[in-house]
Amino acid sequence: MRTLLLALAVPFTAAVAGAPPTVRTLGTVDVPNHRIEIVDWYAPGRLLVGTDSHWKTLAIFRVDSFDPPVLVPLQKTPEAPEDVVPLFTGEPTSVAVHPQHPVALVTTLGWHGRERGALQFVDLRAGHEGERIGWMATGFHPDSVAISPDGRWAVVANEGEGDPTTPGTVTVVDLSGLNLGHWITNGALPTWDIPLTCRALETSSGDLEPEYIAITPDSRCAAVSL
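Draft legend 1. Spatial organisation of the packing of aromatic side chains. One pass over the structure, following the stated rule, counts 2 aromatic pairs. Judged by centre distance (5.3 Å) and plane angle (55 degrees), the rings of tryptophan 41 and phenylalanine 66 are tilted. One end of the pair, tryptophan 41, is in strand S3 (residues 36-42); the other, phenylalanine 66, is in strand S5 (residues 57-66), with 25 residues separating them in the sequence. By relative accessible area, tryptophan 41 is classed as partly exposed at 29%. On the basis of relative accessibility, which here comes to 33%, the residue phenylalanine 66 falls in the partly exposed class. Consider the rings of tryptophan 153 and tryptophan 192, whose centres lie 6.3 Å apart with planes at 55 degrees: the pair is tilted. Pair noted here: tryptophan 153 is in strand S12 (residues 153-158) and tryptophan 192 is in strand S14 (residues 191-195), with a separation of 39 residues, a long-range link. Against the face of phenylalanine 140 rests arginine 116, its NZ or CZ located 4.7 Å from the ring centre.

Put into structure tokens, the structure is as follows:
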């Protein structure tokens, strides 16, 4: 069993004018997963989803209460390692929940450093939570995924590490044609793998490693940290 720590920060708007926000620990919860690294929140279903790199799956919890924390795992706790059925073939590295659709996008690594990674689509609809419903190829070693506030764009930072010949890139997917009623096949949605300029940094393109993404509120621009 592993522990998930929850904390609460009072928003600035709720704090007394001029005073800093207060932060308090809500509690800790033992969860069956071994390595939960990145989490996101699906509000309509009250689901907390997180990447589990150890079991190569997406951990999903129904949150009955935040204060005190009451989390109900939707996956059955395996009795032994051989009981685990991985959801993905590669290690999951990041997750983002779509702002309008009941689906989570998860980046996963390839089998080795010179194999491209993937963007996985996981169902969050009631009764189908945690079902894999498609995938698309990304660049090498995808490390982070973000979805624009308007829900149209998915942006993936491909770190490119693991092999000196694999460059870091940014994959952009147009999600406007997303249809959860059908299996999402590789190539079904318009996708661009964008190489990075290295002039300003005076380094070779293979040395640039995209790490994380932030998208502006108007969904027009994405900032990628290197």
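So, next bit.
Draft legend 2. Fine view of the sheet that holds S12. Across the sheet, 4 strands lie side by side as S11-S12-S13-S14; this open sheet has antiparallel pairing. Where the open sheet ends on each side, the last strands, each with one partner, are strand S11 (142-147) and S14. Sheet twist, expressed as the mean angle between neighbouring strand axes with direction ignored, is 20 degrees. Summarising the sheet, strand S13 (residues 169-174) and S14 pair through 5 bridges and their orientation is antiparallel.

The rules behind each value
- Residues numbered from 1 in each chain as written.
- Predicted model: local features only at pLDDT ≥ 70, side-chain atom pairs only at ≥ 80, totals over all residues.
- Heavy atoms only, no water.
- Phe/Tyr/Trp six-rings, centres within 6.5 Å; stacked < 30°, edge-to-face > 60°.
- Helix = DSSP H or I, 4+ residues; strand = E, 2+ residues; numbered from the N terminus.
- Buried < 20%, exposed > 50% of the residue type's maximum accessible area, 1.4 Å probe, protein only.
- Lys NZ or Arg CZ within 6 Å of the ring centre and 35° of its normal.
- Pairing = 2+ DSSP bridges.
- Axes fitted to C-alpha atoms, helices over the stretch in contact; angles between N-to-C directions.

Any functional reading would require information beyond the geometric quantities listed.
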